[in-house]
Amino acid sequence: MSTTTAPLTADEFLKLLDTEEQRVELIDGEVVDMPGAGPAHERVKANLIRILNRWLDRHGAGLVYSESAYRLGERTVLVPDLSVLGNERLARRIEEQLRGAPDLAVEVVSSEAADRLQDKVRLYFKHGSKGVWSVFLRSRTVQINHSNGRIDTLEQDQILEDPDALPGFSTPVAAIFEGL
Amino acid sequence: MSSETAARLRTKIGLYLKYGSKAVWVVYPDERLIEVHWAIDQVKILGQDQILEGHDALPGFSTPVSAIFEGL
């Protein structure tokens, strides 16, 4: 698939995705490989799924999706490591739920180029996300991106909150890196 | 599992079991069915009105199959 050169539409790409096992995204018509996900990446995802589900269940506030392909536009499909869909979004027909950006997108970053990551953050907000979290494995930090461009960088001894995306939610950053 | 070919899926189930998985669950969203494999020659198919149990893989676990397809 990395030999694909002609630009694809989102619909063509989603059809391709259905038949491939590779981890790929579509950005402005270009098929882009997603960095491989090692055990630390998967553990952080598992921690976050548990943390988010606990809070979402208690508040009846939505669901966590994992590696879902969101169709942001004619030529862009992004696959956040994790995403949260609120109740309003979940009330749509199932076929429509992955159209547009998720309410919250979470990317777990081990090696992704910084410029590509910032492109994705910008795209998520442009297409309606309320929050985008970037979790950095190497530095054990979390960046909370805000729609106005502000970025809060949180260390392990800090508390993560994102009132725009999940009002009332909080977790110690350390809990996200538990087990590493 | 939505579009994987049956042959490739069978291979994967065999490999999971061979390398130590205590069970393999295959979820068919379109058919609203779940297949539980415990061994190469041991499989059970569960429909929406049945209960999925964890057995050796998740002792004590159980969920209605319908809960897995909630929202569809």
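Note that the structure is a prediction, hence the values are computed from the model and not measured. (Residues numbered from 1 in each chain as written. Chains lettered and ligands numbered in written order. Predicted model: local features only at pLDDT ≥ 70, side-chain atom pairs only at ≥ 80, totals over all residues.)

Caption draft 1: Representation of the overall build of chain A in the model. For chain A, the count of helices and strands is five helices and 12 strands. Relative to its length of 180 residues, chain A is compact, with a C-alpha radius of gyration of 16 Å against a globular reference of 16 Å. Principal-axis analysis of the C-alpha atoms places the extent of chain A at approximately 45 × 35 × 30 Å. Among the 180 residues that make up chain A, the fraction classed as buried is 27%. Pairs at least 24 apart in sequence give 54% of the contacts found in chain A among residues at least 6 apart. (Helix = DSSP H or I, 4+ residues; strand = E, 2+ residues; numbered from the N terminus. Rg over C-alpha atoms; globule rule 2.2 N^0.38 Å. Buried ≥ 20, exposed ≤ 12 C-beta atoms within 10 Å, placed from the backbone. Contact = placed C-beta atoms within 7 Å.)

Caption draft 2: View of the overall build of chain B. Counting its regular elements, chain B contains two helices and five strands. What you see in chain B, going N to C, is helices and strands ordered as α-β-β-β-β-β-α. Relative to its length of 72 residues, chain B is compact, with a C-alpha radius of gyration of 12 Å against a globular reference of 11 Å. Summarising its shape, the C-alpha atoms of chain B cover approximately 30 × 30 × 15 Å along the three principal directions. Expressed as a percentage of the 72 residues in chain B, the buried residues total 3%. Intrachain contacts of chain B at a sequence separation of at least 6 include 28% that bridge at least 24 residues.

Caption draft 3: Representation of the sheet that holds strand S10 (residues 151-154) of chain A in the model. Residues and elements named next belong to chain A. Judged by pairing direction, the sheet is mixed, and its six strands sit side by side in the order S3-S6-S7-S8-S9-S10 without closing on themselves. With one partner strand each, in any of the chains shown, strand S3 (62-66) and S10 form the two edges of the open sheet. Between one strand and the next, the sheet's axes are offset by a mean angle of 15°, whatever the strand orientation. Where helix H2 (residues 39-59) meets the sheet, its contacts fall on S3, strand S6 (82-86), strand S7 (104-109) and strand S8 (131-136), and the angle it forms with S3 comes to roughly 170°. (Pairing = 2+ DSSP bridges. Axes fitted to C-alpha atoms, helices over the stretch in contact; angles between N-to-C directions.)

Caption draft 4: Molecular detail of the nonpolar core. Residue and element names in this part refer to chain A. Of all hydrophobic cores here, the largest spans 32 residues; its most connected members are Val106 and Val135. When residues of this core are traced back to their parent elements, those giving at least two are helix H1 (10-19), H2, strand S4 (70-73), strand S5 (76-78), S6, S7, helix H4 (114-126) and S8. If near-sequence neighbours (up to four positions away) are discounted, Val106 is found in contact with Leu48, Pro80, Asp81, Leu82, Ser83, Trp133 and Val135. (Core = buried A, V, L, I, M, F, W, Y, C linked by C-beta atoms within 7 Å.)

Caption draft 5: A look at the sheet that holds strand S3 (residues 42-46) of chain B. Residue and element names in this part refer to chain B. Strand order in the open sheet formed by three strands is S1-S2-S3, with antiparallel pairing between adjacent strands. The open sheet terminates on both sides in strands that have one partner only, identified here as strand S1 (24-28) and S3. Strand-to-strand twist of the sheet, defined as the mean angle between neighbouring strand axes without regard to direction, takes the value 15°. In the packing of helix H1 (residues 6-18) onto the sheet, the strands contacted are S1 and strand S2 (33-39), and the crossing angle to S1 comes to about 155°.

Caption draft 6: Looking closely at the environment of A:Asp157. Residue and element names in this part refer to chain A. Along the chain, the position of Asp157 falls in the loop between S10 and strand S11 (159-161). Asp157 gets classed as exposed once you count the C-beta atoms within 10 Å, which come to 8. Along the backbone, Asp157 and Ala175 are 18 residues apart, and their C-alpha atoms lie at a distance of 9.8 Å.

Caption draft 7: Spotlight on unusual backbone geometry. Positive phi, normally seen in glycine, also occurs at A:Asp28, with a value near 50°. Take A:Asp28: it is sitting in the loop between strand S1 (24-27) and strand S2 (30-33). For A:Asp28, a count of 12 C-beta atoms within 10 Å puts it in the exposed group. Phi at B:Arg32 is positive, roughly 55°, even though this residue is not glycine. By the secondary structure assignment, B:Arg32 is in the loop between S1 and S2.

Caption draft 8: Region of the structure containing the pairing of S10(A). Pairing between strand S9 (residues 141-145) of chain A and S10(A): four bridges, direction antiparallel. Bridging across to S10(A), A:Gln143 finds its partner in A:Thr153.

Caption draft 9: Here's a closer look at the pairing of S3(B). Residues and elements named next belong to chain B. Bridge count for S2 against S3 is five bridges, and the pairing is antiparallel. In the sheet register, Glu35 faces S3, and the bridge partner there is Ile45. From the end of S2 to the start of S3, which pair antiparallel, there are two residues.

Caption draft 10: Main features of H4(A). Residues and elements named next belong to chain A. For H4, spanning 13 residues, the distance from its first C-alpha to its last is 18 Å, which sits close to the expected 18 Å at 1.5 Å a residue. Lys120, Val121, Leu123 and Tyr124 are the residues of H4 that are buried. Projected onto a plane normal to the axis of H4, the buried residues spread over an arc of 165° and lie on a single side. Residues of H4 that are exposed and point over 90 degrees away from its buried face: Ala114 and Asp115. The elements touched by buried residues of H4 are S4, S5, S7, S8 and S9. A positive backbone phi angle near 110° is found at Gly128, which sits one or two residues after H4. (Expected span 1.5 Å × (residues − 1). Arc of directions from axis to C-beta.)

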